[in-house]
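Here is how the chains run, residue by residue.
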Amino acid sequence: MRASLRALAVPLLLLGAVGEGPSPACAARAEQSQPDRPRRSCAGGRETVAFGRLLVDYGIATLQYGIGIVLIFLGLIVMALGYLLMLIDLLFCW
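Worth saying up front: this structure is predicted, and the values here are computed from it rather than measured.

### Details of the overall build of the protein chain
The helix and strand inventory of the protein chain stands at four helices and zero strands. Along the protein chain, helices (α) and strands (β) appear in the sequence α-α-α-α when read from the amino end. Taking the intrachain contacts of the protein chain between residues at least 6 apart in sequence as the baseline, contacts between residues at least 24 apart amount to 57%. Put simply, the protein chain shows about 8,200 Å² of open surface, and 68% of that area lies on carbon and sulfur atoms.

Below, the structure is given as structure tokens:
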């Protein structure tokens, strides 16, 4: 009985060893079918705070022209939004 099972298994093993893998075109197509996961952007708050600080600096530099007070106010609002984004990133972006 074992000899007959071996006789049946040998051709199957030989066919598996002789068979080729997928062609490069098929492998490339299979690789492209699975898109990459989008990366989370977890640095938006830091960039927003930096932009708000830049606005405050320009506002202080142009305070004598009258537009400076507007730039300082706008910079403070942008900084507050940046800190809010940083808090959201801290909570949800692991």
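### Points about the packing of helix 3 (residues 44-61) against helix 4 (residues 68-92)
Put simply, helix 3 and helix 4 touch, their axes get as near as 7 Å, and they point 165° apart. In terms of orientation, helix 3 lies roughly antiparallel with respect to helix 4. Helix 3 and helix 4 meet at a crossing whose hand is left-handed.

### Some points on the environment of Tyr58
With respect to the secondary-structure elements, Tyr58 resides in helix 3. Looking at Tyr58, the relative accessible area reads 49%, which means it is partly exposed. Between the C-alpha atoms of Tyr58 and Gly68, which are ten residues apart in sequence, the distance is 7.1 Å.

### Here's the deal with the environment of Gly45
As for its placement among the helices and strands, Gly45 is situated in helix 3. Note on Gly45: relative accessible area 0%, which makes it buried. Sequence separation between Gly45 and Ala80 is 35 residues, and the spatial gap between their C-alpha atoms is 9.6 Å.

### Some details on helix 4
With 25 residues, helix 4 ought to run about 36 Å at 1.5 Å a step, and its terminal C-alpha atoms sit 36 Å apart, in line with that. Listed in full, the buried residues belonging to helix 4 are Gly68, Ile72, Gly75, Val78, Met79, Gly82 and Asp89. Turning to helix 4, the residues buried within the fold contact helix 3.

### Some remarks on a nonpolar patch on the surface
Taken together, the side chains of Phe73, Ile77, Leu81, Leu84, Leu85, Leu87, Ile88, Leu90, Leu91 and Phe92 define a hydrophobic patch exposed on the protein surface, amounting to about 990 Å² of accessible area. You can see Leu90 is positioned in helix 4.

### A short note on helix 3
Along its 18 residues, helix 3 runs 26 Å from first to last C-alpha, staying within 8% of the 26 Å computed at 1.5 Å per residue. Of the positions making up helix 3, those classed as buried are Gly45, Val49, Gly52, Leu55, Val56 and Gly59. The arc enclosing the buried residues of helix 3, seen along the axis, measures out at 115°, which places them on a common side. For helix 3, exposure combined with an orientation more than 90 degrees from the buried face picks out Arg46, Glu47 and Ala61. Considering only its buried residues, helix 3 is in contact with helix 4.

Criteria and thresholds
- Residues numbered from 1 in each chain as written.
- Predicted model: local features only at pLDDT ≥ 70, side-chain atom pairs only at ≥ 80, totals over all residues.
- Heavy atoms only, no water.
- Helix = DSSP H or I, 4+ residues; strand = E, 2+ residues; numbered from the N terminus.
- Contact = heavy atoms within 4.5 Å.
- Areas by Shrake-Rupley, 256 points an atom, 1.4 Å probe, with all protein chains shown as cover.
- Axes fitted to C-alpha atoms, helices over the stretch in contact; angles between N-to-C directions.
- Parallel < 35°, antiparallel > 145°, perpendicular 65-115°, else oblique.
- Left-handed = near helix turned anticlockwise from the far one by under 90°.
- Buried < 20%, exposed > 50% of the residue type's maximum accessible area, 1.4 Å probe, protein only.
- Expected span 1.5 Å × (residues − 1).
- Patch = residues over 30% accessible without salt bridge, like charges linked within 9 Å, V, L, I, M, F, W, Y side chains within 5 Å.
- Salt bridge = Lys/Arg side-chain N within 4 Å of Asp/Glu carboxyl O.
- Arc of directions from axis to C-beta.

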